[in-house]
Amino acid sequence: MQKKRWRKLGFLRRVLTCAIALISLVALFSAHLHLFFPPSQVSMLPDPYKLPTQHEIQYQKLSRERSWIQPHLSKAPLPALKLDGANRSLESNKLWKPPPNRDFTPCVEPTSSYLAPQESRGYLLVHTNGGLNQMRAGICDMVAVARIINATLVVPELDKRSFWQDTSNFSDVFDEDYFITALANDVKIIRKLPKELMIATRAVKHFRSWSGIDYYEQEIASLWDDYQVIRAAKSDSRLVNNNLPPDIQKLRCRACYEALRFSPRIEAMGKLLVDRMRSYGPYIALHLRYEKDMLAFSGCTHDLSIEEANELTAIRENTSYWKVKDIDSTEQRAKGYCPLTPKEVGIFLRALGFPPTTPIYIAAGEIYGGDSRMADITSVFPILMKKEKLATVEELDPFINHASQMAALDYIVSVESDIFIPSYSGNMARAVEGHRRFLGHRKTISPDRKLLVRIFDKVANGTMKEGKKLSSRIIEMHKRRQGSPRKRKGPISGTKGTDRFRSEEAFYVNPLPDCLCQKESTENENITTAVIR
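In this text, all values refer to a predicted model and were calculated from it rather than measured experimentally. (Residues numbered from 1 in each chain as written. Predicted model: local features only at pLDDT ≥ 70, side-chain atom pairs only at ≥ 80, totals over all residues. Heavy atoms only, no water.)

S.K.: Kindly report on the state of the cysteines, identifying the contributing residues and their values.
M.R.: Evaluation of the coordinates by the stated rule reveals three disulfides. With a sulfur-sulfur separation of 1.8 Å, Cys107 is cross-linked through a disulfide to Cys517. On the sign convention where negative means left-handed, the S-S torsion of about 80° between Cys107 and Cys517 marks this disulfide as right-handed. Pair noted here: Cys107 is in the loop between strand E1 (104-106) and strand E2 (123-126) and Cys517 is in strand E11 (residues 516-521), with a separation of 410 residues, a long-range link. Residue class for Cys107 comes out buried when judged on its relative accessible area of 14%. In this model, Cys300 is linked to Cys338 through a disulfide, with the two sulfur atoms separated by 2.0 Å. Residues Cys300 and Cys338 are joined through a disulfide that is left-handed, its torsion about the S-S bond being -90°. Of this pair, Cys300 sits in the loop between helix H11 (292-298) and helix H12 (306-318) while Cys338 sits in the loop between helix H13 (329-334) and helix H14 (342-352), and the two are 38 residues apart along the sequence. (Disulfide = S-S within 2.5 Å. Helix = DSSP H or I, 4+ residues; strand = E, 2+ residues; numbered from the N terminus. Buried < 20%, exposed > 50% of the residue type's maximum accessible area, 1.4 Å probe, protein only.)

This is the structure in structure tokens:
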């Protein structure tokens, strides 16, 4: 009897030991999941090594949706830095958490003194210039200019002669009908100049850069005495950032963030790309501005071969409308004027604490140097997606030969991302940052390139290593560079003339205080009032 009792006790001990071990394994596995995603996301988390199936995504927006095949990952993600489960979950939540918006909300309605458009004095033709986002800002400014000089605005003509040679018309990129209707109470807009004025003499003007309301009300409006048609030869940076009447500033925001929608076809495709990125969980939109045109324009050749540097120099010298030809690449980079390289971006993201399983959308055209240039960042962050991976050839076919339409798709995915990170502060980076501020100060991390390149050079020459010390330093540098609310920056002290305007933060980078108001709740009454801060 005694032996049988001991046998039963031994058996029970073994069962209990196995049960405890199993519970420990389950707890450990749960902690690892919480490292990479917030708890609310764990239940819907796809296997990071196997992208979600067609059935799991269940898209029904486009007729060719079922032909999409999920891209294949060539490598499993690298192991993340080891932390205990609780700390890893906390760090992950902090990574994805947006900055506090301090109850700022859009306030773009006109004031009580704002009048409907008066009788038009003539027609304003606009030739936009630059890439998509440069044209967008110019179009919105020309809406304001048309209001100031009391003109009928003819739907602007898009730039077809720039570096990208895009043949798109306004209606190919933007929703023309909505644009006209949405601004009907502000400016009269027509699609084409009346036939009887097609051969009329026009006043062709290069509007002065960063001009105020007096310039347009006096010098430009005086042209109506002799002409029925004024043609703006360029549209970029023709209106000052600050010191305009509140209703004009609000009109600029209504034009940019409400009236100037992309065409229905682009909106549908952009939404589809966003949904497909969301199937991986929270994602970063990385505006990796490491394309041939940018490197040639900026003169940045760090880490490039002699042959590549010579090719970029030749492009710059042969592009007539790029005025600066002789550029010192080392000096440019030291000043923070160069885009970060793909390798540098990989170091930056890892230092911020993003794990290898982070889904990243590459918002860019063709990266200079192709896959070989992307190898370093791909080895660290293998879930790198772009339009060509997320969509089929057939789905992208309508957009593929039109740079502005392709850029519009990137713009949509970037604005809707959980975190937006630009490698360079170009036109798209600034436009997306401003739009995200307008929509509630969504998280935008702006790399401090001037300080970062010094760190990257130390890593390259072996005087500093990747690890906790480097990570802490980079995180500290960027605590206040995450898109939290603040007023638009004015000019740099001591600057004069054109340089003074150039040094200001552009209007569309930060529409606060003109178009964002802070809600204040009164204690005695359950009402909320909007106050500009």
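Additional details are given in the paragraphs that follow.
S.K.: Report on the sheet that holds E2, specifying residues and quantitative values.
M.R.: Taken in spatial order, the five strands make up an open sheet running E4-E3-E2-E6-E5, and their pairing is parallel. In the strand order of this sheet, the two ends are held by strand E4 (189-190) and strand E5 (202-205), each with one partner. As defined by bridge partners, strand E3 (residues 152-154) adjoins E4 across two bridges and the pair is classed as parallel. Residue Val154 lies in a different strand from E4, and its bridge partner there is Ile190. Sitting on the sheet, helix H5 (residues 132-148) touches E2, E3 and strand E6 (229-232), and the angle it makes with E2 is about 160°. (Pairing = 2+ DSSP bridges. Contact = heavy atoms within 4.5 Å. Axes fitted to C-alpha atoms, helices over the stretch in contact; angles between N-to-C directions.)

S.K.: Give me the confidence of the model for the protein chain: which residues, what numbers.
M.R.: Per-residue confidence for the protein chain averages 86 on the pLDDT scale, and 81% of its residues sit at or above 70. A low-confidence stretch, residues 26-86 stays under pLDDT 50, and its non-local contacts, those more than four residues away or across chains, total 96 contacts. The model gives residues 524-533 a pLDDT under 50, and that stretch makes 22 contacts with residues more than four places away or in other chains. (pLDDT = per-residue confidence, 0-100.)

S.K.: A description of the sheet that holds strand E9 (residues 384-385) should follow, citing residues and the corresponding values.
M.R.: Strand pairing in a sheet relies on backbone hydrogen bonds, with the paired strands running either antiparallel or parallel. Taken together, four strands build an open sheet; the order of strands is E9-E8-E7-E10 and the sheet is parallel. The sheet is open, and its two borders are formed by E9 and strand E10 (419-422), each paired with just one other strand. Of the pairings in the sheet, the one linking strand E7 (residues 284-287) to E10 comprises four bridges and is parallel in character. By the bridge assignment, Leu286 is partnered in E10 with Ile421. Sheet strands in contact with helix H18 (residues 403-415) are E7, strand E8 (360-362) and E10, and its direction is about 155° off that of E8. Running over the sheet, helix H19 (residues 427-438) touches E7 and E10 and is turned about 155° from E10.

S.K.: Give a detailed account of the environment of Val108, specifying residues and quantitative values.
M.R.: The residue Val108 is located in the loop between E1 and E2 in this model. Distance in space between the C-alpha atoms of Val108 and Ala255 is 10.0 Å, their sequence separation being 147 residues. Setting aside residues no more than four positions away along its own chain, Val108 makes contact with Lys250, Cys253, Arg254, Glu258, Phe438 and Cys515.

S.K.: Please give an account of a positive patch on the surface that cites residues and values.
M.R.: Residues Lys450, Arg454, Lys458, Lys469 and Arg473 make up a contiguous surface patch of positive charge. Those elements that place two or more of their residues in the positive patch are helix H20 (449-461) and helix H21 (468-477). Sort the elements by how many residues they give to the positive patch and H20 lands first, with three residues. Counting through the fold element by element, Arg473 comes out in helix H21. (Patch = residues over 30% accessible without salt bridge, like charges linked within 9 Å, V, L, I, M, F, W, Y side chains within 5 Å. Areas by Shrake-Rupley, 256 points an atom, 1.4 Å probe, with all protein chains shown as cover. Salt bridge = Lys/Arg side-chain N within 4 Å of Asp/Glu carboxyl O. Lys, Arg positive; Asp, Glu negative; His and termini not counted. Charge placed at Lys NZ, Arg CZ, Asp CG, Glu CD.)

S.K.: Account for the pairing of E6, with residues named and values stated.
M.R.: As defined by bridge partners, E2 adjoins E6 across four bridges and the pair is classed as parallel. If you follow Leu124 over to E6, its bridge partner there is Ile230. As paired strands, E5 and E6 are joined by four bridges and run parallel to one another. Its bridge partner lying in E6, Val204 is registered against Arg231.

S.K.: So, the nonpolar core: which residues are in play, and what are the values?
M.R.: Burial of nonpolar side chains together is a common tendency in soluble globular proteins. Leu124, Ile149, Phe174, Phe179, Phe207, Tyr216 and Phe262 are the most contacted members of the largest nonpolar core, which totals 86 residues. The biggest single contributor to this core is H5, with ten residues. Ignoring sequence-local partners within four residues, the contact set of Phe207 consists of Leu124, Met142, Val145, Tyr215, Tyr216, Ile220, Ile230, Ala232 and Arg238. (Core = buried A, V, L, I, M, F, W, Y, C linked by side-chain atoms within 4.5 Å.)

S.K.: Describe the side chain of Arg289, listing the residues and the values that go with them.
M.R.: Following the sequence through the fold, Arg289 ends up in the loop between E7 and H11. Leaving out residues up to four positions away in the same chain, Arg289 has contacts with Trp164, Met294, Pro339, Ser423 and Tyr424.

S.K.: If you had to explain the pattern of salt bridges to someone new, which residues and values would you point to?
M.R.: Applying the stated criterion to the full structure yields 24 salt bridges. The partner of Glu311 in a salt bridge is Lys292, and the shortest N-O contact between them spans 3.3 Å. Separated by 19 residues along the polypeptide, Glu311 in helix H12 and Lys292 in helix H11 bring together distant segments of the chain. By relative accessible area, which is 33% here, Glu311 ends up partly exposed. Linked through salt bridges whose partners overlap, the residues forming this network are Glu176, Asp177 and Arg191.

S.K.: An account of the packing of aromatic side chains is requested, with residue identities and associated values reported.
M.R.: Applying the stated criterion to the full structure yields twelve aromatic pairs. Geometrically, the ring pair formed by Trp96 and Phe354 is edge-to-face, given 5.7 Å between the ring centres and 75° between the ring planes. Residue Trp96 is found in helix H4 (residues 85-96), and its partner Phe354 is found in the loop between H14 and E8; the two are separated by 258 residues along the sequence. Per residue, the accessibility class of Trp96 equals that of Phe354, and both read buried. (Phe/Tyr/Trp six-rings, centres within 6.5 Å; stacked < 30°, edge-to-face > 60°.)

S.K.: Explain helix H15 (residues 370-380) to me, and be specific about the residues and the numbers.
M.R.: Given 3.6 residues per turn, any residue in an α-helix points the same way as the ones three and four places further on. Buried within H15 we find Arg373, Met374, Ile377 and Val380. With its buried residues spanning 95° around the axis, H15 presents them on a single face. Summarising the geometry of H15, the exposed residues directed more than 90 degrees from the buried face are Asp371 and Ser372. Where the residues of H15 are buried, they touch E7, H12, H14, E8 and E9. (Arc of directions from axis to C-beta.)

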